[in-house]
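Topology and contacts: notes
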Amino acid sequence: MVMSATYRQSSKAGPQQLAKDPRNQWLSHGPRFRMDAEMVRDIALQSGGLLVQEIGGPSAKPYQPPSIWEQVSYPTSDTVRYVQDHGSSLHRRSMYTYVKRMALLPNMDAFDAPARDVVCTRRQRTDTPLQALVTMNDVQWVEAARALAERVIREGGPGHEQRIDRMGLILLSRVPPPPMAAVLEKSLGEMQKHYAANPKDARALVSIGEKRRDSSIPEPELAAWTMIASEMLNLDETLNK
Amino acid sequence: MSVATKVVSNGGNLWQRARQDRRAWIGAGYATALILLSLLFVPLDGRPHADWLQFLGRFHPLLVHLPIGLIVLLPVLETLGIRRPSLREAAGHVLQFALATCLVAILFGLLLAYGSGESGTTVTFHLRGGVLLAIELLFCVAVRRTWLQTQHSRAYFAVVAVLLLTLTWTAHQGGSLTHGSDYLTHYMPPTLKRYVAPSAVSSHPNSFFAKHIYSVLDTKCVSCHGTNKEQGGLRLDSYESLMAGGKDGIVIAPGNPDGSLLLKKVTLPPSDPHFMPAEGRAPLTPDEIARIHAWVLAGASPDAGIVPGIFLAGDREEAPPPVGDYSALMDEIQQMQQSQGAKLVPVSAKPSDGLILRTTDVAATFDDSQLAKFQRFAPFIVEAELGRTAVTDDSIATLAQFKNLRALHLESTAVTGRTLGKLSSLSQLSYLNLSATRVTNDKVTPLKGMPKLRHLYLFNTPAEPASADNAIRSTQ
Amino acid sequence: MKQHPLCSDCENKITPMDLPIPSGLKKEWATCESRRRFLGRTGKVLGWAALASLFGEASLHYRAFASGPNLQTGSGINNLGLPHFAPKAKRAIYLFMSGAPPQVDLFDYKPNLAAQFNSDMPASVRGNQQLTGMTAGQARFPIAPAHWPFNQHGHTGTWISDLLPYTARMVDDLTFIKSTNTDAINHEPAIMLMNTGNMNAGKPCLGAWLAYGLGNMNDNLPTFVVLQTKTNPKENNQPVSSRLWSSGFLSSEFSGIGLRSVGDPVLYLQDPAGVDRDTRRRMLDAVEEINRQTLAEVGDPETNSRIAQYEMAFRMQSSVPELTDLSREPESTWDLYGPEAKEPGTFAYNCLLARRMAERGVRFTQIYKRGWDVHDNVVGNLPVLCQETDRGCFALVTDLKRRGLLDDTLVIWAGEFGRTVYSQGGLSQENYGRDHHPRCFTVWMAGAGVRSGFSYGETDEYSYNVVKDPVHVRDFNATILHCLGIDHNQFTYKFQGLDQKLTSPVPAFVVQGILT
């Protein structure tokens, strides 16, 4: 299948194609759709080098906002309280996450992870503001953005362009084209200025998440790059296959 | 010969001689006429009397059918008797028998009227009619033989016709007494009913009293407490007479249902002798009693449109008129739907239900000039949600152009009410929300005359009514 | 043996070439034929079924997304043709009393029962009803009359328990349905039936149907909001689950969004520490600009949608805190709701939020109050439950009414079933318990579309069976949809070969008797 001409089509869709086949039912262009919930999280983790490659083992309980389980549970249930794991369990692959069907992990739920009370032959692919809130504000993603920022600072060399290119290669499998790079550069400049003037904010931002930050990188710098990484993690191109 | 046969034959001889003694008969006839004439003027005092009188009197409706049947038979026999002499002879006997039974019926009728104490115009008419009928019968008996034999036979038939008319009228009065004056017309098809004069209800045909209380009284009470009869001196066929009461005092105490005699009487145990409606008539249903109860509690008003807490199917508001088709403007409306500005939202899938102007998303910046841009959609806009927007008093002039506007939201705006009077041209406006604005009572007054404005909200304004939980006015 | 029509082994020899699928796919199928054989024949039948269902769903998912990028913005005109007719109510607030409140003690006045204290309920009343395992073994079914007196209130003279003094003050605004009945005798299936129209999981709930059908009134706030009340550990709190506000087979954007009382009102709403609004705005500007470049390059309409969603998320970050910021409420609010309403998570607080949401155009709000499952110690628990909820209900209805919102808002109060007239466990003058009872229970509604000061339906002298005007839960849901301008029979969504609707395939009828 993956070798077929249909599959290897470009996903660019011209106006004529869109008019005739808006949902790509006739496969007039390459398929392009938002990735499943678990993949979205795994990519965020892997891009920052956080993803734990261990296979198998007990279920993991990553970050979750407080009092999700209490609101629905029977008072004497053994899953009335969510006890979060620490250390590497926070960064395991999403398929190892503990599932309580009555109260799904909210960030997975936001990305249409099924509730597992009925068979699901195909997941929905919705677009909601909650998804935006998850990828912008969830601890998991902020931490992953910081890890990604640390990685590109380490691997990308000292220059901005190289670091941005490195980030593009990691997330998008390509070097960001000049228009995209220009936007990111401009944004970087703004962020750097902001965090240089607000060191307390910088410290607060880079302290999010239990993974210890790389203390060799100055905080304002790291904070600025964290924001750029966050921007890239939120791009449509990143979230889509 | 035995004693019995002697008596019978002597009696028979006496009768034969009496029959031939015309003077005796004529004398008896004049005496009867005089008594009857006097009866025309005897008053009935309207109070019930001894039970035995009532007992006997109740045979009147039974006995009265005899003279009715006979008097109806009379012209038939007379007409047929033109050809057949035997029938003519029979007619004579029928006439005499009719007179006799008529007199007996009158006697029992008098017992009934006097015994039960019923009064009223219908009773009087019925009595007079009956007496008149008897006098006419007497006349007929007197002149029949002579007029028929001579050329006055036509005159005789004329008298018989008058007799029939009198009978009809009298019998109708009698029927009205027992069954109510609308007994024959109650179920009349509407096409015919137009020609029968409807009973006047009240000066406020749309009031709660007229629509829901009066109908109960009319059906179940007025036959004994109305123009035809006035039991206990009480008439219930109009608001004034209801409130005036009767011989036992007032029957409705406004605001005090427990102290209202009418309600007391209809809620007695059915076996109680004072239970109303009396005499086996259909009692009031609990629903009807509740309605009267609520109406009295709310002050027993003759013209109030609604009574709090009571809702009846007939109170459904009439459907507002359709607003025309905005389909031609659909593209523009779709565009507005998709954009982030103020929207025009259809009320339903039917275009004739109109559009709603919804400004929630841009409330902070939606001002008078923006509102003016919607004038081209004015005929189709039935609801304007302008709460929390930046509109001012100047917007009212624009809104007055929205002729089909039914609901207007102006809560939490800078409207002071200065220009509110312009809204009185909106004939369909039924809802106006001015909560949390600075409108004062004097500014709101011009609106209170608007016929359909039943929902006016003034919460958190200087014009808010004093009563704690009633910021809703209904204007009726 | 008759084979499945899609089975390639059957005599009819249906092949993919005969299916209504795109021709491009047929060609692909032809070239992949050898691979298919390799995959094995056991997978074939299942694969066929899945394939068919995938295509079915794919073509119909299109319908779920309607025209344009999404349904969250630009609501109103949609391809579904809703509302079918001019609605009385634009929005609804559902106060759900999870656990099942006892109707005999609260609303269904049966004065004759006082004389029958401790007498056995006649077996003829129960008939052949299968009782729950909790009481089926009882030797006796002693009648437990209501422990608290009833009195008449309002112009309508409605009888209501002394336990509900605040509700008593507003009886003239309410419609009671005393003949509601359901099929399920235990909580989970009953609560699913009440909310989704089906005892099995996987169907969308009432709120999701409304969000799908009617859309949003305020683009800056969610369409369907769920509020959970803090549980009282002394009460018997039956669980609720996110299934109850799930969108089932409808698009997940229609599922209920929980408005929480602890932490962020909406999950992940707040920017992380170190990111202020300005920074967030700049970040979003950058993301949006790049997304627009992607859109220009690739042409996927979903990109447009994503841009809109990010904007909506940003707006929600200010509109939701504004919604939950009670600092500018006038004193009259606290006089009405009571001081409890200042504390997030209480029922009164949730009612106040519901009113604020009604003002701001949220289409459907559902408040859950757990703990009504009084199997024992009714005398101890019920007054507390009433005290926790009574004032809030009254305050909500009164507040909506005085602000002019009750004219187009429908307020609903309901549990999942009723409770037995006989005592579960021991009966004494001081205390008793009540078991589940599906055959009759009482709900009330207020506001647009329903009569005021009205009672519909009657139960027998034991409040055990419905004797007049039964209203099944299906009919109840059909009526709610009707008040909002929707014909429940026409409002369908094709899934698994059925035209699914909220009221399930069993016929349901709108209760005309309570409508205005």
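Residues numbered from 1 in each chain as written. Chains lettered and ligands numbered in written order. Predicted model: local features only at pLDDT ≥ 70, side-chain atom pairs only at ≥ 80, totals over all residues.

Right, let's talk about the overall build of chain A for a bit. Along the backbone of chain A there are 10 helices and zero strands. For chain A, the α and β elements follow one another from N to C terminus as α-α-α-α-α-α-α-α-α-α. For 241 residues, the compact-globule formula gives about 18 Å, and the C-alpha radius of gyration of chain A, at 20 Å, lands near that figure. Sorting the 241 residues of chain A into buried and exposed places 43% on the buried side. Of the contacts formed within chain A by residues at least 6 apart in sequence, a portion of 60% connects residues at least 24 apart. (Helix = DSSP H or I, 4+ residues; strand = E, 2+ residues; numbered from the N terminus. Rg over C-alpha atoms; globule rule 2.2 N^0.38 Å. Buried ≥ 20, exposed ≤ 12 C-beta atoms within 10 Å, placed from the backbone. Contact = placed C-beta atoms within 7 Å.)

So, about the overall build of chain C. Looking only at helices and strands, one finds 13 helices and 17 strands in chain C. Counting every position in chain C, which comprises 516 residues, the buried fraction comes to 55%. A fraction of 77% describes how many contacts in chain C between residues 6 or more apart in sequence connect residues 24 or more apart.

Residue and element names in this part refer to chain C. Buried residues dominate strand 8 (residues 409–415), accounting for seven of its seven residues. Alternating residues of strand 8 divide into Thr409, Val411, Trp413 and Gly415 and Leu410, Ile412 and Ala414, and every residue in both groups is buried. Relative to strand 11 (residues 441–447), strand 8 runs antiparallel, the two sharing four bridges. In the strand pairing of strand 11, tryptophan 413 is matched with tryptophan 444. (Pairing = 2+ DSSP bridges.)

Put simply, an interface is often sized by how much accessible area is lost when its parts join up. On the side of chain C, 62 residues touch chain A, which itself brings 64 residues to the contact. For the side of chain A that touches chain C, the secondary structure elements donating two or more residues are helix 4 (129–137), helix 7 (178–197), helix 8 (199–206), helix 9 (219–233) and helix 10 (236–239) of chain A. Classifying every residue of the side of chain A that touches chain C by side-chain character gives 33 nonpolar, 18 polar and 13 charged. (Nonpolar A, V, L, I, M, F, W, Y, C, P; charged D, E, K, R; others polar.)

Moving on, we get to the confidence of the model for chain C. Residues and elements named next belong to chain C. Overall, the predicted model of chain C reaches an average pLDDT of 87, with 86% of residues at or above 70. Ranking the elements of chain C by mean pLDDT puts helix 2 (residues 42–65) last with 46 and strand 1 (residues 91–97) first with 98. Low pLDDT, under 50, characterises residues 55–77; the predicted model gives this stretch 46 contacts beyond four residues in sequence or across chains. (pLDDT = per-residue confidence, 0-100.)

On to helix 9 of chain A, then. The first and last C-alpha atoms of helix 9 of chain A sit 20 Å apart over 15 residues, in line with the 21 Å expected at 1.5 Å per residue. In terms of burial, helix 9 of chain A is largely enclosed, as 14 of its 15 residues are buried. (Expected span 1.5 Å × (residues − 1).)

Attention shifts here to the interface of chain B and chain C. Counting residues at the interface gives 33 residues for chain B, matched by 33 residues for chain C. Of all elements in the fold, only helix 13 (286–297), helix 14 (330–338), strand 1 (343–346), strand 5 (431–433) and strand 6 (455–457) of chain B reach the threshold of two or more residues within the side of chain B that touches chain C. Of all the elements, helix 14 of chain B adds the most residues to the side of chain B that touches chain C, at four residues. Each residue belonging to the side of chain B that touches chain C can be placed in one class, and the counts come to 14 nonpolar, 11 polar and eight charged.

This part takes up the pairing of strand 5 (residues 224–228) of chain C. All names here are of chain C. Most of strand 5 sits out of view: five of its five residues are buried. Alternating residues of strand 5 divide into Phe224, Val226 and Gln228 and Val225 and Leu227, and every residue in both groups is buried. Here strand 5 pairs with strand 7 (residues 364–369) via five bridges, running parallel. Following the sheet pairing, leucine 227 is matched in strand 7 by isoleucine 367. Sheet topology places strand 5 next to strand 6 (residues 257–259); three bridges connect them, and they run parallel. Each bridged residue has a counterpart across the sheet, and for valine 226 the counterpart in strand 6 is glycine 258.

What follows is about the nonpolar core. Nonpolar side chains in soluble globular proteins tend to be buried together. Membership of the largest hydrophobic core comes to 195 residues, with the highest contact counts inside it found for C:Cys351, C:Leu410, C:Ile412 and C:Leu484. Sorting elements by how many residues they give to this core places helix 12 (residues 378–402) of chain C first, with 10 residues. Not counting chain neighbours up to four residues away, the residues in contact with C:Leu484 comprise C:Pro83, C:Pro87, C:Ala89, C:Ala92, C:Leu210, C:Leu214 and C:Leu410. Judged by nonpolar contacts, the second largest core, of 40 residues, contains B:Phe374, B:Leu432, B:Leu447 and B:Leu453. (Core = buried A, V, L, I, M, F, W, Y, C linked by C-beta atoms within 7 Å.)

In this section: the environment of A:Ala223. Residues and elements named next belong to chain A. Mapped onto the elements of the fold, alanine 223 is located in helix 9. For alanine 223, a count of 29 C-beta atoms within 10 Å translates into the label buried. Residues alanine 223 and leucine 205, 18 residues apart in the sequence, show an inter-C-alpha distance of 6.3 Å.

Residue and element names in this part refer to chain B. In the contact formed by helix 5 (residues 65–80) and helix 6 (residues 85–116), the axes pass within 8 Å of each other and the chain directions differ by 160°. The orientation of helix 5 with respect to helix 6, classified from their angle, is roughly antiparallel. Considering the relative orientation of helix 5 and helix 6, their crossing is left-handed. Contacts from Leu66, Pro67, Leu70, Ile71, Leu73, Leu74, Leu77, Glu78 and Leu80 of helix 5 reach helix 6 at Leu87, Ala90, Ala91, Val94, Leu95, Phe97, Ala98, Thr101, Cys102 and Ala105. Tallied by class, residues from the contact of helix 5 with helix 6 come to 17 nonpolar, one polar and one charged. (Axes fitted to C-alpha atoms, helices over the stretch in contact; angles between N-to-C directions. Parallel < 35°, antiparallel > 145°, perpendicular 65-115°, else oblique. Left-handed = near helix turned anticlockwise from the far one by under 90°.)

The next subject is the packing of helix 4 of chain A against helix 9 (residues 301–324) of chain C. Direction vectors running N to C along helix 4 of chain A and helix 9 of chain C enclose 75°, while the axes themselves pass 8 Å from each other. Taken as axis vectors, helix 4 of chain A and helix 9 of chain C run roughly perpendicular relative to one another. Contact residues: A:Pro129, A:Gln131, A:Ala132 and A:Leu133 in helix 4 of chain A; C:Gln309, C:Tyr310, C:Met312, C:Ala313 and C:Met316 in helix 9 of chain C. Split into classes, the residues belonging to the contact of helix 4 of chain A with helix 9 of chain C amount to seven nonpolar, two polar and no charged.

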